[in-house]
Structures are given as C-alpha cells and as structure tokens.
Amino acid sequence: MDNFQKDIDERANLALSNKFELLLFRLGSSLEGEKAELFGINVFKLREIVPMPTITKAAGMQSPLLGMANIREQIIPVIDLAAVAGCKPTTGLNLLLVTEYARSTQAFAVESVDNIVRLDWSQVHTAESGVSSRNITSIACLDNDGQSNSLAMVLDVEQILYDIVPSVRDAAPKEIKERTFKFKPGAVVIVAEDSKVARTMLEHGLQTMGIPALMHNTGLEAWEKIKTIAREAQAAGQHISERIAMVLTDLEMPEMDGFTLTRNIKRDETLKKIPVVIHSSLSGSANEEHVRKVGADGYVAKFEINELSEAIQAALDKVAG
C-alpha cells in the first residue's frame, strides 16, 4: 500500500513540472485499411482498465454507444471508441477504459493497451491545423528529441462526450444568475483551453456574463499574449490590471499546461496580482492541492456557467481583499 501511494504521489507531482503520463492504446486499423494508429489519454482521467464485461443495450441506443455496463456496482455508459475514431478492431473490443471527468463517469471500449509513457507537455502539439478529426485535440511526440515519427493522437474526450452523451449537451442551466463584475474599462480575460468544444462553451458563457475575452488554444499561446500585453501596458504607463482583468485556464494543454502557466504568472512581479482561475475536467484532491501550490485564486470543474461565475467573482474578491 505504501508503494502504491508513493506511485500516486509521484504521478500527481508531475503536474508541477509541466509533465504528465499518457496511456497509449490501439483501436485497430483505419477503415481505409491503413496501419493501426496509437491513441492516448491522460492517466489522470483514467479510473481503471477492465476486461470487456457484459454490455446491456437499451432500446433505441445507437452507435457509438454500445450500451451500459455494471462496473463495481455502478451502471455507466460504454462508448465504442473505435467507431468514434473511424477504426476497425482486428481482434475485437477487448478492454474498457473507465474514465472520470468532473461531472461524469464513462467507459471507452478499445482493442488493446500498449504502455504508459511519461512526457513533457512541450512534446505535445495542437492538432487543430493538421488533423481533420474533430475528436483529436493534440499530437504527442513520444521521443524526447521531438524528431521521431513515433506519435500518438490525444483524444478530445470533452468533444466526444459532447457529441454522444445527451446529458453533457443538455447541462446548461435554465436560469443564469446575473452578476456585475468589476473589471476596469478595456480590460479582458485571457482564456487558455485546447478543447474546441470547451473553448466554444467558455466563449459563449463569458459573453453571456458580459465578460470580454481573448481565447487561446494552448497555455504557451496565452503566456506569450500575456507577456505582450504586459510590455504594451508598461510602455503606456498603465498597470497590468487596466489590460488584463483575469486569466482563466484549463490544466491539460499542449506545449504548456495550466499549472505552469499559473506558476509563471504568480512568480512574475508585474503579473502576480492578476487573478487566475483554473477551469478543468480533472478533479480530485491531488489536483486541488496543486492548484493551491501554484498560487491559483480559484478552481472550478467544467462546465456549469453559474459555478464558473461564482468562481470568477470569488477570485476577484480574493485579489481585491
């Protein structure tokens, strides 16, 4: 048990050094008959891997939903990940990856699991400009030199769940509480979020709250923008708060994760007073402890607009106080 806990602690502490662990798995060959590609998912999202159990299919349930499975006395939906990715398993769907997000538990059916690799987020690059699939958020280079063709496609699980699971799409509240946020005129919120669907939901939510925002695909993009705005503010003789009202960041992102982005801001004398709220599908006490360690001013699980609004208000009050 001590070794098990040590392993968990070591894995959790990777988040404080811009590193993470990626579970590699295969779904079979593409429908065009090409070789089986490697896919990946962050280990932090994984609860367990189990052999394919009995699946119960409800009336009217359609692909890629396979049905429901009883996993440790919990009935959860099972998604055919090969069908989602356009692959044909060679030996069948043999394993379930049971995953936990902030507000849901589900299982993804896969053909096989290869390995767990430890990577730096700098080895992961956004895929929006180079991969046509809406379900791939980034590409991970599995070798440290970054020159190899050994690659894995990292799934945008938030997009997959949004497309398939009705409860995710219908999560918007019927009533949105009105708030007045005290931002200085002309100041904007810097947003870092790599999932396209999550970014769209965030952008719409912030517009609903009347908050002007600049959207970025990665933590590194957001960091470069923050530094540029800081230089412009200094040249104009302005305080940074007159340009940047807040930073809202995901945790898992190509090139630079949300922990590193937050730490960079809070270590900079010019920037450290900027409120930072982490908005993530990763939950659990380990991540919340890391949020405190890097100096973030708030943490909120994806995606409920009233909770996000409350977290934004609380972070602003904290910094003002």
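The name recorded for the chain in an unreviewed UniProt entry is Chemotaxis protein, from Mixta hanseatica.

Student: Would you mind showing me how to read the packing of aromatic side chains here?
Tutor: Both the distance between ring centres and the angle between the ring planes are used here to describe each pair of aromatic rings. A complete count under the given rule lists 3 aromatic pairs for this structure. For the ring pair Phe 20 and Trp 121, a centre distance of 3.8 Å and an interplane angle of 15 degrees mean the geometry is stacked. With a gap of 101 residues between them, Phe 20 in strand β1 (residues 19-26) and Trp 121 in the loop between β10 (112-120) and β11 (124-126) connect regions that are remote in the sequence. For Phe 20, a relative accessible area of 5% translates into the label buried. Between Phe 181 and Phe 183 the ring centres are 6.1 Å apart and the planes differ by 25 degrees, which places this aromatic pair in the stacked class. Just as Phe 181 is buried, Phe 183 falls in that class too.

Student: How should the UniProt feature "modified residue: 4-aspartylphosphate" (unreviewed entry) in the chain be read in this particular structure?
Tutor: Summarizing the sequence annotation, UniProt attributes the feature "modified residue: 4-aspartylphosphate" (unreviewed entry) to Asp 250 in the numbering used throughout. Along the chain, the position of Asp 250 falls in the loop between β16 (244-249) and α7 (258-267). Asp 250 has contacts with Ala 192, Glu 193, Asp 194, Gly 258, His 279, Ser 280 and Lys 302, leaving out every residue within four places of it along the chain.

The rules behind these values
Residues numbered from 1 in each chain as written. Predicted model: local features only at pLDDT ≥ 70, side-chain atom pairs only at ≥ 80, totals over all residues. Heavy atoms only, no water. Phe/Tyr/Trp six-rings, centres within 6.5 Å; stacked < 30°, edge-to-face > 60°. Helix = DSSP H or I, 4+ residues; strand = E, 2+ residues; numbered from the N terminus. Buried < 20%, exposed > 50% of the residue type's maximum accessible area, 1.4 Å probe, protein only. UniProt positions renumbered as here; feature names shortened; annotations may be inferred. Contact = heavy atoms within 4.5 Å.

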